[in-house]
Amino acid sequence: MTASFGKLWLGLAAGAIALTLAACNPNLGGEEKYPTTRQKGDAGPQYEENNTIFGEGGLFGSQAKEDGSGGGAGVGVNSLLWRASLDTISFMPLVSADPFGGVIITDWYTPPATPDERFKVNVYILGRALRADGIRASVFRQQNQGGTWIDAPVALNTATDLENAILTRARQLRQSGLQE
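*Asks:* I keep staring at the nonpolar core and nothing clicks. Help me out?
*Replies:* Among the nonpolar cores identified, the biggest contains 19 residues, and L81, V121, V123, I135, L162 and I166 are the most heavily contacted of them. Counting only elements with at least two residues in this core, the list comes to helix 2 (79–88), strand 5 (117–125), strand 6 (135–145) and helix 3 (158–179). Take this core: its biggest share by element is 5 residues, from helix 3. Those residues within four positions of I166 in sequence are excluded, and the remaining contacts are L81, A84, S85, T88, V123 and I135.

Put into structure tokens, the structure is as follows:
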């Protein structure tokens, strides 16, 4: 029974390798652009850019920004708000930072002055414009009671104060960029 199991396992492994290799797309050479109709007197084909399903500029967008939104290539949200958010919460450890979705999630942070409480922050950048309604913050607080962390209320203005600090830093970044 062990020998037949070994043969079965070997056959499955060989099949997996064969499927993996079959999925590879070897470069067979040739050109990736398709010729358009020839103009009178042309000796060779005339090529045009292919349209893609991702639109002009491809998956990550074009390098040039015409709308002045401050978004850089590859970043799906306002780059000033993104940088300002990271600067503002830089003292907290990051768990996740997604520049395409505009989500920053921190890990729990315990202030040195109050070792029996800890905070966690989620920042959401909602668009490409530098506007007050373009950012949302959520603040979570826990207190240590007998070795167990228990959820505790956060002051009502804490998230708003954090959003205002991020917006102030974004304005500073924009002003410093104009002076350079």
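*Asks:* Looking at this structure, how should I read the sheet that holds strand 5?
*Replies:* Whenever strands of a sheet pair, they do so through backbone hydrogen bonds, lying parallel or antiparallel. Strand order in this open sheet of 5 strands is 3-4-5-6-7, and the pairing throughout is antiparallel. With one partner strand each, in any of the chains shown, strand 3 (94–98) and strand 7 (148–152) form the two edges of the open sheet. Averaged over all pairs of adjacent strands, the angle between their axes in this sheet comes to 15°, without regard to strand direction. As paired strands, strand 6 and strand 7 are joined by 5 bridges and run antiparallel to one another. By the bridge assignment, R141 is partnered in strand 7 with A152.

*Asks:* In this structure, what is going on with helix 2? I would like to understand it.
*Replies:* Because each turn of an α-helix spans 3.6 residues, side chains separated by three or four positions end up pointing in the same direction. Of all the positions in helix 2, only L80, L81, W82, A84 and S85 are classed as buried. The opening residue of helix 2, the one whose side-chain oxygen lies 2.8 Å from the backbone nitrogen of L80, is N78.

*Asks:* Can you walk me through the pairing of strand 5 in this structure?
*Replies:* Here is the key point about a regular strand: its side chains alternate between the two faces of the sheet. A large share of strand 5 lies buried, amounting to 7 of its 9 residues. Sheet topology places strand 4 (residues 103–106) next to strand 5; 3 bridges connect them, and they run antiparallel. Paired with I105 across the strands is N122, a residue of strand 5. One ladder, built from 9 bridges, connects strand 5 with strand 6; its direction is antiparallel. What sits directly across from F119, in strand 6, is R141.

*Asks:* What's the story with the pattern of salt bridges in this structure? I'm lost.
*Replies:* Where charged atoms from two side chains of opposite charge come close, those side chains can pair. Evaluation of the coordinates by the stated rule reveals 4 salt bridges. For E117, the salt bridge is made with R141, and the minimal N-O distance between the two is 2.8 Å. Taken together, the residues span a long stretch of sequence, with E117 in strand 5 and R141 in strand 6 at a distance of 24 residues. When the shortest N-O distance is used, the salt bridge between E163 and R136 registers 3.9 Å. Separated by 27 residues along the polypeptide, E163 in helix 3 and R136 in strand 6 bring together distant segments of the chain.

*Asks:* Would you mind going over the packing of aromatic side chains with me for this structure?
*Replies:* The way to describe two aromatic rings as a pair is by their centre distance and the angle between their planes. Applying the stated criterion across every chain, the model contains 1 aromatic pair. Taken together, a centroid distance of 5.1 Å and an interplanar angle of 75° make the contact between F91 and Y109 edge-to-face. Of this pair, F91 sits in the loop between helix 2 and strand 3 while Y109 sits in the loop between strand 4 and strand 5, placing them 18 residues apart in sequence. Given a relative accessible area of 48%, F91 falls into the partly exposed group. The partly exposed category is assigned to Y109, whose relative accessible area is 22%.

*Asks:* Any chance you could explain the side chain of E163 here in plain terms?
*Replies:* Among the residues examined, E163 registers a relative accessible area of 12% and is labelled buried. Among all residues touching E163, those that are not within four sequence positions of it are I135, R136 and A137.

*Asks:* When you look at the side chain of Q142 in this model, what are you seeing that I'm missing?
*Replies:* Topologically, Q142 is positioned in strand 6. With relative accessibility at 10%, the residue Q142 sits in the buried group. Engagement of the side chain of Q142 in a polar contact is seen with the side chain of D151, the distance being 2.9 Å. Residue contacts for Q142: discarding those within four places in its chain leaves W108, D116, E117, R118, W149, I150, D151 and A152.

Cut-off values and rules
- Residues numbered from 1 in each chain as written.
- Predicted model: local features only at pLDDT ≥ 70, side-chain atom pairs only at ≥ 80, totals over all residues.
- Heavy atoms only, no water.
- Core = buried A, V, L, I, M, F, W, Y, C linked by side-chain atoms within 4.5 Å.
- Buried < 20%, exposed > 50% of the residue type's maximum accessible area, 1.4 Å probe, protein only.
- Helix = DSSP H or I, 4+ residues; strand = E, 2+ residues; numbered from the N terminus.
- Contact = heavy atoms within 4.5 Å.
- Pairing = 2+ DSSP bridges.
- Axes fitted to C-alpha atoms, helices over the stretch in contact; angles between N-to-C directions.
- Polar contact = N/O pair within 3.5 Å; in protein donor to acceptor, adjacent residues only side chain to side chain.
- Salt bridge = Lys/Arg side-chain N within 4 Å of Asp/Glu carboxyl O.
- Phe/Tyr/Trp six-rings, centres within 6.5 Å; stacked < 30°, edge-to-face > 60°.

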